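Reading the structure
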Amino acid sequence: MSNEVVLSVRNLSVVFHTPDGDVVAVNDVSFDLRSGETLGIVGESGSGKSVTASSILRLNNSSTASTTGSILVSGVDVLSADESEVRRIRGSEVAMIFQDPLSALNPYYTVGKQIAEAYLVHHPEASKADARKVTLEMLKKVGIPNPEKRIDEFPHQFSGGMRQRIVIAIALINNPKVLIADEPTTALDVTVQAQILDLMKDLQVEFNMAIVLITHDLGVIAEAALDVLVMYGGRIVERSTVEALFSEPTHPYAWGLLGAVNSLESSGRGALVTIAGSPPSLIALPPGCSFNPRCSYSSDICRTEIPLLRAVGTQGSVAACHLPEGDILSLGRKAASR
Amino acid sequence: MFMFIVRRIFFAVLLLLAVSFFTYMLFAMLPSDPAALTCGKNCKPDVIAANRIRLGYDKSLMEQYWLFLKGIFAGRDYGTGAAAFSCGAPSLGYSFGQHECVTTLIAQTFPVTAYLSIGAFVLWMLIGISSGAVAALHKGKWQDRAASIFTSIGVSLPTFYIGLLVLFSVVIWLQILPFPSYESPFVNFPTFLRTMILPWLVLAVLSAASYTRLTRNGMLEAMNEDFVRLGVAKGLTTRIILRRYVMRQALVPIVTIAGLDFAGLLGGAIITESVFSLPGMGKMSIRAVVESDLPVLVGTTMVAAVFIVLANVLVDIAYGYLDPRVRVK
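Numbering of residues starts from 1 in every chain and runs along the sequence as written. Lettering of chains starts at A and numbering of ligands starts at 1, both following the order in which they are written. Reporting of local features is limited, given that this is a predicted model, to residues whose pLDDT is at least 70; pairs of side-chain atoms are given and counted only at 80 or more, and all residues count toward the totals for whole chains, interfaces and linings.

1. Examining the overall build of chain A
Assigned secondary structure in chain A consists of 13 helices and 12 strands. By its C-alpha atoms, chain A is 65 × 50 × 40 Å across when sized along the principal axes. In chain A, the share of contacts with a sequence separation of at least 24, taken over all contacts with a separation of at least 6, comes to 64%. Each helix corresponds to a stretch of at least 4 residues labelled H or I by DSSP, and each strand to a stretch of at least 2 residues labelled E; elements are numbered beginning at the N terminus. Contact criterion: two residues are in contact if their C-beta atoms, reconstructed from the backbone, are within 7 Å.

2. Brief notes about the domain arrangement of chain B
All names here are of chain B. Where each domain starts and ends comes from a domain assignment, either automatic or drawn from a database. Domain boundaries assigned for chain B yield domain 1 (19-91) and domain 2 (103-326). Here the element with the most residues in the side of domain 1 that touches domain 2 is helix α1 (residues 2-28); it accounts for 5 residues. By residue class, the composition of the side of domain 1 that touches domain 2 is 8 nonpolar, 4 polar and no charged. Following the grouping adopted for this structure description, the nonpolar residues are Ala, Val, Leu, Ile, Met, Phe, Trp, Tyr, Cys and Pro, the charged ones are Asp, Glu, Lys and Arg, and the polar ones are all others, Gly among them.

3. Describing the domain arrangement of chain A
Think of interface size as the accessible area that goes away when the parts come together; that is how it is often given. All names here are of chain A. Per the domain assignment, the segments of chain A are domain 1 (5-225) and domain 2 (246-266 + 274-337). Taking only C-alpha atoms, the centre of domain 1 and the centre of domain 2 are 30 Å apart. The partner domain 2 presents 7 residues to the 12 residues of domain 1 that form the contact. At the level of secondary structure, the elements contributing two or more residues to the side of domain 1 that touches domain 2 comprise β2 (21-34) and α9 (218-224). A per-class count over the side of domain 1 that touches domain 2 returns 6 nonpolar, 4 polar and 2 charged.

4. Concerning the interface of chain B and chain A
Residue-level contacts link 17 residues of chain B with 24 residues of chain A. Sorting the residues of the side of chain B that touches chain A by element identifies α8 (226-234) and α9 (238-266) of chain B as the ones contributing at least two each. Considering every element that reaches the side of chain B that touches chain A, the biggest residue donor is α8 of chain B, with 7 residues. Of the residues belonging to the side of chain B that touches chain A, the class tally is 7 nonpolar, 2 polar and 8 charged.

5. A few points about helix α11 (residues 252-259) of chain A
Residue and element names in this part refer to chain A. Note on burial: count the other C-beta atoms lying within 10 Å of the residue's C-beta; 20 or more is buried, 12 or fewer is exposed, in between is partly exposed, and C-beta positions come from the backbone. Burial runs high along α11: 6 of the 8 residues are buried. Along α11, the residues classified as buried are Pro252, Tyr253, Ala254, Trp255, Gly256 and Leu257. As for α11, its buried residues are in contact with β3 (38-42), α9, β9 (227-232), β10 (235-241), α10 (242-247) and α13 (325-337).

6. Describing the nonpolar core
Of all hydrophobic cores here, the largest spans 145 residues; its most connected members are Ala169, Val178 and Val212 of chain A. The element best represented in this core is helix α7 (residues 189-223) of chain B, accounting for 15 residues. Remark: nonpolar core denotes a set of buried Ala, Val, Leu, Ile, Met, Phe, Trp, Tyr and Cys residues whose joining runs through C-beta atoms within 7 Å.

7. Thoughts on unusual backbone geometry
Its identity is not glycine, yet Asp28 of chain A carries a phi of approximately 55°, on the positive side. When the 17 C-beta atoms within 10 Å are taken as the criterion, Asp28 of chain A is described as partly exposed. Even without a glycine there, the phi angle at Gln175 of chain B is positive, about 55°. Looking at the secondary structure, you find Gln175 of chain B in the loop between α6 (159-173) and α7. Exposure remark for Gln175 of chain B: the 10 C-beta atoms within 10 Å place this residue in the exposed category.

8. Thoughts on the sheet that holds strand β11 (residues 310-312) of chain A
Residues and elements named next belong to chain A. Following DSSP output, two strands are said to pair if at least two bridges run between them. Strands sit in the order β6-β7-β8-β3-β9-β10-β12-β11 across an open sheet of 8 strands; the sheet is mixed. The outermost strands of the open sheet, each flanked by one partner alone, are β6 (94-97) and β11. Taken over all neighbouring pairs, the strand axes of this sheet differ in orientation by 25° on average, direction set aside. Direction of pairing for strand β7 (residues 178-182) relative to strand β8 (residues 210-215): parallel, over a ladder of 5 bridges. Bridge pairing in β8 links Val178 to Ala210. Between the N-to-C directions of two axes lies an angle of 0 to 180 degrees, each axis being a line fitted to C-alpha atoms and, for a helix, fitted only over the stretch in contact.

9. Overview of the packing of α6 of chain B against α7 of chain B
Residues and elements named next belong to chain B. At their nearest, the axes of α6 and α7 sit 10 Å apart, and the two run at 140° to each other. When the axis of α6 is compared with that of α7, the two are oblique. Seen along the crossing, α6 lies across α7 with a hand that is right-handed. In contact with Thr159, Ile162, Gly163, Val166, Leu167 and Val170 of α6, α7 contributes Leu198, Val202 and Leu206. The residue makeup of the contact of α6 with α7, split by class, is 7 nonpolar, 2 polar and no charged. Working rule for angles: under 35 degrees goes down as roughly parallel, over 145 as roughly antiparallel, 65 to 115 as roughly perpendicular, anything else as oblique. Each crossing gets its handedness from the near helix: less than a right angle anticlockwise from the far helix is left-handed, clockwise is right-handed.

10. Comments concerning the packing of helix α4 (residues 102-137) of chain B against helix α11 (residues 281-290) of chain B
All names here are of chain B. α11 packs onto α4 with a crossing angle of 130° between their chain directions and a minimal axis gap of 7 Å. Between α4 and α11, the angle is such that the two are oblique. Contact residues: α4 offers Leu105, Ile106, Thr109, Phe110 and Thr113, while α11 offers Met281, Gly282 and Met284. In terms of residue class, the contact of α4 with α11 is built from 5 nonpolar, 3 polar and no charged.

11. Some words on the environment of Ser159 of chain A
Residues and elements named next belong to chain A. Here Ser159 shows up in the loop between α6 (147-150) and α7 (160-172). Judged by local crowding, Ser159 falls into the partly exposed class, with 13 C-beta atoms found within 10 Å. Remark: the alpha-carbon pair of Ser159 and Leu102, spanning 57 residues in sequence, is separated by 8.5 Å.

12. Some remarks on the pairing of β10 of chain A
All names here are of chain A. Along β10, 6 of the 7 residues are buried, which leaves the element largely enclosed by surrounding structure. Of the pairings in the sheet, the one linking β9 to β10 comprises 6 bridges and is antiparallel in character. Across the sheet, the residue bridging to Met231 is Ile236, located in β10. Taken together, β9 and the strand that follows it, β10, pair antiparallel across an intervening segment of 2 residues, in which Gly233 is found at a positive phi of about 55°. As paired elements, β10 and strand β12 (residues 317-319) share 2 bridges and run antiparallel to each other.

13. Thoughts on the sheet that holds strand β5 (residues 76-77) of chain A
Residues and elements named next belong to chain A. One open sheet accounts for 4 strands, arranged β2-β1-β4-β5; its pairing is antiparallel. The sheet terminates laterally at β2 and β5, the two strands that pair on one side only. Pairing between strand β1 (residues 5-18) and strand β4 (residues 65-73): 8 bridges, direction antiparallel. Its bridge partner lying in β4, Phe16 is registered against Ala65.

14. So, the environment of Cys39 of chain B
Residue and element names in this part refer to chain B. Positionally, Cys39 belongs in the loop between α1 and α2 (45-55). In this structure Cys39 comes out as partly exposed when scored by C-beta crowding, with 14 C-beta atoms within 10 Å. For the pair Cys39 and Gly97, spaced 58 residues apart in sequence, the C-alpha separation works out to 8.4 Å. Leave out the neighbours within four places in its chain, and Cys39 touches Val47 and Asn51.

15. Observations regarding the environment of Met3 of chain B
When you line up the elements, Met3 of chain B lands in helix α1. In this structure the C-alpha to C-alpha distance between Met3 of chain B and Arg54 of chain B, which are 51 residues apart in sequence, comes to 45 Å.

16. Some thoughts on the confidence of the model for chain B
Within a predicted model, pLDDT stands for the predictor's per-residue confidence, ranging from 0 to 100. Per-residue confidence for chain B gives a mean pLDDT of 87; residues scoring 70 or more make up 99%. Mean pLDDT across the secondary structure elements of chain B bottoms out at α2 of chain B, with 81, and peaks at α4 of chain B, with 93.

17. Remarks on the pairing of β1 of chain A
Note on strand geometry: in a regular strand, side chains alternate between the two faces of the sheet. Residues and elements named next belong to chain A. Where β1 lies against β2, 10 bridges are found, and the strand directions are antiparallel. Opposite Phe16, over in β2, you have Val23 as the bridge partner. The turn joining β1 and β2, which pair antiparallel and follow one another in sequence, is formed by 2 residues.

Spelled out as structure tokens, the structure:
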């Protein structure tokens, strides 16, 4: 398995111009993704994870958002490429699946037509019969029972989990190098969630593709990802492997997230642990570390200086926190063992 | 699907029956004596009495209604002997104001209304949908604002005002077109066009306004749908996305309302026909109201009702084709 870098994001910033002021949704985000790997991005609503994802396909409305930095997909910078080049990348190099499979499919056309349409747009030489054959194969691969019959049915005739399988079929029909999954399981039942994650893992091996998995669910991250970015207020606050995140988290926000996870073993019958306060307004981020108003360990420097990402610990994690490394590691292990 | 259509048509017929009953009874309750209206001011009592018997107004109301219904299917004979005459099926009664079978009168006036309606309809769909699409694609820019000004003007100004204004400025003041005088398109096509162009435009522009708004809002709403985002993420061209994803969704409510609007127009564009003196069904209805010519009113009401009920059935059927989610298996 080659491990070439298929997606390289450098200093990505996205600013939305709204009547209330400029919203910095994504601030100086950089990461690399190699084929066959899964990168999880976690964070609360408004942390910038979905905007980061849609920037990769340049889906943000260009009249209200200005995007800077660079996003390299097989050597092409998506942010500066012309429209036809971006259109070629969409669907064929980088595909995307969305949160709500109920609304992600066009209700007016059969699922077969929608999958074939995605194939035909990137294979203009193919005939409709070819497209139908490829579509049938794809439906089998994503586990739709009785595909010969169901190919001609409409989205409303499928259950939520089946529709997400259809969306995955659309995404994978062109054998993309990168799959962006924006909360792919959030709208589904727990049992169906596991099936979809398993399906994505199997197909990832088969197609040797890289996955960007965006979620607010740490359980999904633990299940499916290799590396994790933790985002807060539009910035990356921690980057680590999944093992490191769950054994030695290196940012107070990650500690809070882990503390808020409810597990079967948790003893108390009391209230779920939450992170005090609410996510910051992206129009007026607090000065310094944007997490400082909600952080129990904040000091004066946290209110004045933005912490930079630095290596912490022995597991290759990086974190943006002003606490001394020793404190981070001991507090992190404590948070992980809770 | 077939059973669905059969059921819809069955209920449509029931509905029309109810409409005919209430219309007939309503007009029969007007405080005027139809027999006395048959022969103007210097009517002799014996003529009134003879006409009453001849036109069947001596019978009970229910019996009159029954004869009316029967006439629709079997035609109807009036009077006996030398004064006898008949209106063939489908007979909608006899106009004592114009001394003519109502069906004949409608057959004379309906084509005018139909030409007016079809021309105006085609124009207003073209104007409405294209200006709405332009507004949606340039949301917030000057095209959008122009469309919204057009919409407010079109929605708020009544036909008789705009109609008279256009008639005055184009025909009387600028003298670009001659005063409208209707000719059948098969007799004198250029005159027909010269007469129809203004009423078409007036009707189209005013009706187009609400379609502009409908198209604009429908498209903007559709553009926010997740499935449109997925279409973009697939790498589809803007043209395909607009046609298969955005317009497809925006068209559903447009078709519904267009069907009903068109049917309503076929019942007679009363004001437009009067302003531009077109001898259509609307103008005939106005005259019938003034003259208390009850059979004509019942007849035109029935024709309008048939079109509206029919349009409803057609829209329901079209819906099944437009939106697979409401398709009946």
